[in-house]
Amino acid sequence: MNIRGALALVLSLVLSSCGMAQEPLSSSIVDENAPFGRLPGGVRPLAIDVAMHVDPREPVFSGTVRMVVELDDERDGIWLHGDDLRVSSVSVDGHNASYEEVLDTTGVSRIVFGRRIPAGTVDIEIVYEADFDRNLAGLFRVEEQGDAYALAKSESIQARRFLPGFDEPGFKAPFDISLTVPEGYEAVSNTPVVSRSSTGSGFETVVFDTTRPLSTYLLSIAVGPFDVVEYPDIPPNDVRSNPIPLRGIARRGRGDDLERALDTTAELVTIFETALDQPYPYKKLDIVAAPAWPSGATELAGAITYRESRILLDENSGPAADRAMLQIHTHEIAHMWFGNLVTPPWWDDLWLKEAFATWGTPLSLTQFEPDGGHEVDAAVRAISAMDLDSLVSTRAVREDILRNRNIRNAYDAITYSKGMAVIAMADAYFGASLFRPALGRYIAEYADSEADSPDFYEVIGRVTGEPKMTQVFESFIEQRGVPLLEAVPTCSDSRSGVLLKQSRYAPIGSRVNRNNTVWNIPVCVAYGYTDGSIGRSCTILENQEAFFLEFDALSCPDFILPNADAAGYYRWSLPPDDWTALVDNFDRLNTSEALSIMDSAVSAFKAGEGDVETLINVMNAASRSRDRRVAVAPIVTIRYLASLLEGSEGEESLRRFATAMYRMHFDTVKDSANVDDRVLAAQLEAFLAFTAKDEFVRRSLSEDAARFVGLGGPREPAALSSDRYEAALTAGVQDLGGAFFGKLIELGDSIDDPRFDAARAIALGAATERGLSEQVRDLALEGSLGPRETDDLIRGQMFNQQTREATWDWLQLNYAELVQQLPSQWRRRTPSFARPFCSAGKVDELKALFEEVGHLAPGHERALSQTAESIELCAALKDARLDELIEGLQTN
């Protein structure tokens, strides 16, 4: 530890051991000129020492931060970050200074020097204390099975809740961290432990090695009576010469459930190292299972931290849980390079870490499990972004973020899934051998630094020597919306080929201007012949329209597919006869192409251009697929159609259609030992029970749920695997009434299974009996199940047609109290509680509510506009096509 760290540690120990409660010197101010977005330039941290006293058994923690800060010019103060910190001492180069926190909700603060200080470096020391957070933000505490734990959730702007500093991704500096913790408690941070020594007062001080330059959002602090699983080092390889220590960290008694995750880690790390030709960048790797965590996981450098339900696997974990664990684990490992080693300077370039980690996940898992179908999961995810991207209120992948309160809005399907799809499109069109080495060069050039989109474009264009690749990236990353590619095949003596026209996709009722955007679209068209052969031709569509392919007039294809391999991020349309030919040849296409057909058929229906018969034919063809991703693709559409048909005579027709489509398929796979069949069976079982309302399937689920919880007999834990928890417990709540509901609440303390806890909240939220629904709303206001679970309770009540109106009325009366029980970073998305409505009249009520309470949910504006638009589009589609839909279902 250096001198700065030693001084900070001494001060921290003195304050903690003496129990001193100094009067805070900080004050709160109102300053309309404060930087509520990026901090002003000219100031940067060079080195940071953090010494903290963290006891999860207490309500308060304390700390001392010393920073060496470089000033580009003379000044009398600086802006920085700190949120609800009680600062008792501030000094600059040994002279007293003052600390002021601006009265807003995003932790903007400033230090006033009290004199002019010239350009150069200054030493700043800040002594402070703060309360542990209650809503899974910053440094929060959680109790589980009688033990208390403290964990730091730093991303995106949460580090300022537990230490003052420069809480932006572009400020990267080495950290020296030491933690004083109760004797016997484990302490985890970003680097290995250098020393551990007793303070003689029931506490120990744990000193960690100096970090590489890190952004504050990557800082890790975890303290508690954790199990520590020492695992074999990740061995050296052709890219890295040193071994990497690997450990698992889980709460007391759950360390063994990290075995599967730990067992996969070395190979996954090696896959990324080899692909990028860049070694794993940190001195160790801890896999931390947090007893509570607001997101699925966070890529804290060298200490990846997961919500335990996403990473722990036990004897009750089903194959879907294992697959989900692999996907999130691989995503977080990818971040060690994308985001951690190379960091975007500001959140408008979030895609450079999240989209690349999302893209890298299926690529790496395909190498890890060649037969796992992970590349198809990528196609599913790309398609899933298109509905959000179809809104006029959508955002571009890269879009200016001017205020701190809007940062979390960038964490959406546009950044993750659309960004991934654009990368995959460029990789597929230009070729992995061209693109991926350039990507490795980008990582190497900006290691331990930050890079924005222009930096990325420059490196990729320079290394590949392919300017069109840069043009494709800029076209899709900087512009909003989904391209719609109209493909018109022609086969005649005078002209044979395909006319391509591009516009922006817009559903019925949309305010999108369809013809004001032109993309550089890599297009690959597949076409099939009667002899079974399939051809493929590619081009980049740079203009509004172009003619290409030039078929031989004597051998016109039987069908064309305008998105071969579903590699392009666009929707497409065909003339009616060509749609018929394509559906007739559905079985000749690969899995990803089948998913593209399904999406474009649905989007055509929503745009008012595709007929109901074509939609039904495509759904029937998809449901018969042997690939489970294709087989379940119609389920999302059927659930959407159910929202259109609520209260109409078409509800029963849709139920019969859904049952006919899937009941036989379910009977075929429900007892299969095949892993994919077991995942499919669980999905179909839930769909048949709750959308098709199949009484036999529901009864089977509720009976198994009763056995699992011990209702009317001894408890049988083996009655359910984790893949069936949600559906079975929901059936139990809805069909077995108050006795089951009460049993489910009672078992919360005795079943130590994080996946059960998550499914339990969803099941309770699905209660439909009036009395039980009232209990659910009371539980939400109490917050007794936890912040994430409170959100699940209300979303469940809003999803159910039987409880939606009563819950909406209640929500409007109780919003101010309810929002305090939700995770802090989720409050911005609370307008989406209203998303299940399909009546334009509800939009006015929604807007009126947030006119009144919006100040309680900073950054809610985007969720409000997107939810309002989604409701309006649903209502417009219902008005335009309801009768046609009912007729189509009745005659099918």
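**Looking at the overall build of the protein chain**
In step 1: A count of helices and strands for the protein chain gives 26 helices and 30 strands.
In step 2: Relative to the 2.2 N^0.38 estimate, which gives 29 Å for 892 residues, the radius of gyration of the protein chain is 28 Å and therefore close to what a compact globule would have.
In step 3: When its C-alpha atoms are laid out on the principal axes, the protein chain stretches across 85 × 70 × 55 Å.
In step 4: Here the protein chain, with 892 residues, has 62% of them falling under the buried criterion.

**A short note on unusual backbone geometry**
In step 1: The omega torsion across glutamate 155 and serine 156 is 0 degrees, close enough to zero to call that bond cis.
In step 2: Relative to the helices and strands, serine 156 is located in the loop between strand E11 (147-153) and strand E12 (175-182).
In step 3: Not every positive phi belongs to a glycine, and aspartate 84 is a case in point at roughly 55 degrees.
In step 4: Here aspartate 84 shows up in the loop between strand E4 (75-81) and strand E5 (86-92).
In step 5: On the accessibility criterion, aspartate 84 (55% relative accessible area) is exposed.
In step 6: Phi at aspartate 448 is positive, roughly 65 degrees, even though this residue is not glycine.
In step 7: With respect to the helices and strands, aspartate 448 occurs in the loop between helix H9 (432-445) and strand E23 (449-450).

**Examining the nonpolar core**
In step 1: Counting 277 residues, the largest nonpolar core has Ile111, Trp337, Trp351, Phe456, Phe473 and Leu729 as its most contacted members.
In step 2: Looking at this core element by element, the count peaks at 10 residues for helix H26 (residues 861-891).
In step 3: In contact with phenylalanine 456, not counting residues within four places along its chain, are Trp351, Leu352, Phe356, Phe435, Leu439, Tyr442 and Phe473.

**Things to note about the sheet that holds strand E19 (residues 285-290)**
In step 1: Taken together, the five strands give an open sheet; going across it, the order is E17-E18-E19-E21-E20, and neighbouring strands pair in mixed fashion. Each edge of the open sheet is held by one strand with a lone partner, namely strand E17 (227-234) and strand E20 (297-298).
In step 2: Where strand E18 (residues 244-250) lies against E19, four bridges are found, and the strand directions are parallel. Bridge pairing in E19 places glycine 248 opposite isoleucine 287.
In step 3: Helix H2 (residues 259-276) rests against E17, E18 and E19 of the sheet, and its axis sits at about 25 degrees to E17.

**A look at the packing of aromatic side chains**
In step 1: Taken as a whole and assessed by the stated rule, the structure comprises 32 aromatic pairs.
In step 2: Aromatic side chains tyrosine 280 and tyrosine 282 sit 5.9 Å apart centroid to centroid with 80 degrees between the ring planes, which places their arrangement in the edge-to-face category.
In step 3: Looking at tyrosine 280, the relative accessible area reads 5%, which means it is buried.
In step 4: Since its relative accessible area comes to 7%, tyrosine 282 is described here as buried.
In step 5: Measuring from centroid to centroid gives 5.3 Å for tyrosine 662 and phenylalanine 687, while their planes differ by 80 degrees, and the two rings are edge-to-face.

**Looking at the state of the cysteines**
Two cysteines form a disulfide when their sulfur atoms are joined by a covalent bond.
In step 1: Applying the stated criterion across every chain yields a total of three disulfides.
In step 2: Residue cysteine 524 pairs covalently with cysteine 538 via a disulfide, S to S 2.1 Å. Its S-S torsion of about 110 degrees marks the bond between cysteine 524 and cysteine 538 as right-handed, since a negative value means left-handed. Pair noted here: cysteine 524 is in strand E26 (residues 521-528) and cysteine 538 is in strand E27 (residues 534-541), with a separation of 14 residues, a long-range link.
In step 3: Overall, the relative accessible area of 35% leaves cysteine 538 in the partly exposed class.

**Side note on the pairing of strand E7 (residues 98-102)**
In step 1: The buried fraction of E7 is high, at four of five residues.
In step 2: Alignment of strand E1 (residues 27-29) against E7, held across three bridges, turns out to be parallel. Each bridged residue has a counterpart across the sheet, and for isoleucine 29 the counterpart in E7 is valine 102.
In step 3: Counted between consecutive antiparallel strands, the loop separating E7 from strand E8 (residues 108-117) contains five residues, among which glycine 107 sits at a positive phi close to 70 degrees.

**Notes on the packing of helix H17 (residues 650-669) against helix H18 (residues 675-690)**
In step 1: Their axes nearest at 9 Å, the elements H17 and H18 cross at an angle of 145 degrees. Read as a crossing pair, H17 and H18 show a hand that is left-handed. Listed contacts from H18 to Ala658, Thr659, Tyr662, Arg663, His665, Phe666 and Val669 of H17 are Asp677, Leu680, Ala681, Leu684, Glu685, Phe687 and Leu688.
In step 2: Of the residues that constitute the contact of H17 with H18, the class distribution is nine nonpolar, two polar and three charged.

**Some details on the sheet that holds strand E9 (residues 120-131)**
In step 1: Across the sheet, eight strands lie side by side as E6-E5-E9-E3-E2-E12-E15-E14; this open sheet has mixed pairing. Both edges of this open sheet fall to strand E6 (95-96) and strand E14 (193-198), since each of them pairs with a single strand only.
In step 2: Inspection of the sheet shows strand E3 (residues 60-71) paired to E9 by 12 bridges, in the antiparallel sense. From the neighbouring strand, valine 68 faces E9, where its bridge partner is aspartate 123.

**Brief notes about helix H25 (residues 841-853)**
In step 1: Between its first and last C-alpha atoms H25 spans 19 Å; for 13 residues at 1.5 Å apiece the expected length is 18 Å, and the two agree.
In step 2: All of the buried residues along H25 are Lys842, Val843, Leu846, Leu849, Phe850 and Val853. The buried residues of H25 all sit within an arc of 125 degrees when viewed along its axis, so they share a single face. Across H25 from its buried face, at more than 90 degrees, point the exposed residues Asp844, Glu851 and Glu852.
In step 3: Here the buried face of H25 lies against helix H24 (801-818) and H26.

**A word on the confidence of the model for the protein chain**
In step 1: Residue-level pLDDT values for the protein chain average 94, and 97% of them are 70 or greater.
In step 2: Note on residues 1-22: pLDDT under 50 across the span, and 35 contacts to partners over four residues away in sequence or across chains.

**Considering the environment of tyrosine 569**
In step 1: Within the element layout of this structure, tyrosine 569 appears in the loop between strand E29 (559-561) and strand E30 (571-573).
In step 2: Among the residues examined, tyrosine 569 registers a relative accessible area of 1% and is labelled buried.
In step 3: When the C-alpha positions of tyrosine 569 and leucine 484 are compared, they lie 9.5 Å apart, and in sequence the two are 85 residues distant.
In step 4: Sequence-distant contacts of tyrosine 569, defined by excluding residues within four places in its chain, comprise Ala382, Ala385, Met386, Asp389, Lys418, Ala421, Met425, Phe476, Gly481, Val482 and Pro483.
In step 5: Among the polar contacts made by the side chain of tyrosine 569, one reaches the side chain of aspartate 389 at a distance of 2.8 Å.

**As for the environment of leucine 103**
In step 1: One can find leucine 103 in the loop between E7 and E8.
In step 2: Each C-alpha atom, one on leucine 103 and one on glutamate 746, is 42 Å from the other, the two residues being 643 residues apart in sequence.
In step 3: Setting aside its immediate chain neighbours within four residues, leucine 103 contacts Ser28, Ile29 and Val30.

What counts, and where the lines are drawn
Residues numbered from 1 in each chain as written. Predicted model: local features only at pLDDT ≥ 70, side-chain atom pairs only at ≥ 80, totals over all residues. Heavy atoms only, no water. Helix = DSSP H or I, 4+ residues; strand = E, 2+ residues; numbered from the N terminus. Rg over C-alpha atoms; globule rule 2.2 N^0.38 Å. Buried < 20%, exposed > 50% of the residue type's maximum accessible area, 1.4 Å probe, protein only. Core = buried A, V, L, I, M, F, W, Y, C linked by side-chain atoms within 4.5 Å. Contact = heavy atoms within 4.5 Å. Pairing = 2+ DSSP bridges. Axes fitted to C-alpha atoms, helices over the stretch in contact; angles between N-to-C directions. Phe/Tyr/Trp six-rings, centres within 6.5 Å; stacked < 30°, edge-to-face > 60°. Disulfide = S-S within 2.5 Å. Left-handed = near helix turned anticlockwise from the far one by under 90°. Nonpolar A, V, L, I, M, F, W, Y, C, P; charged D, E, K, R; others polar. Expected span 1.5 Å × (residues − 1). Arc of directions from axis to C-beta. pLDDT = per-residue confidence, 0-100. Polar contact = N/O pair within 3.5 Å; in protein donor to acceptor, adjacent residues only side chain to side chain.

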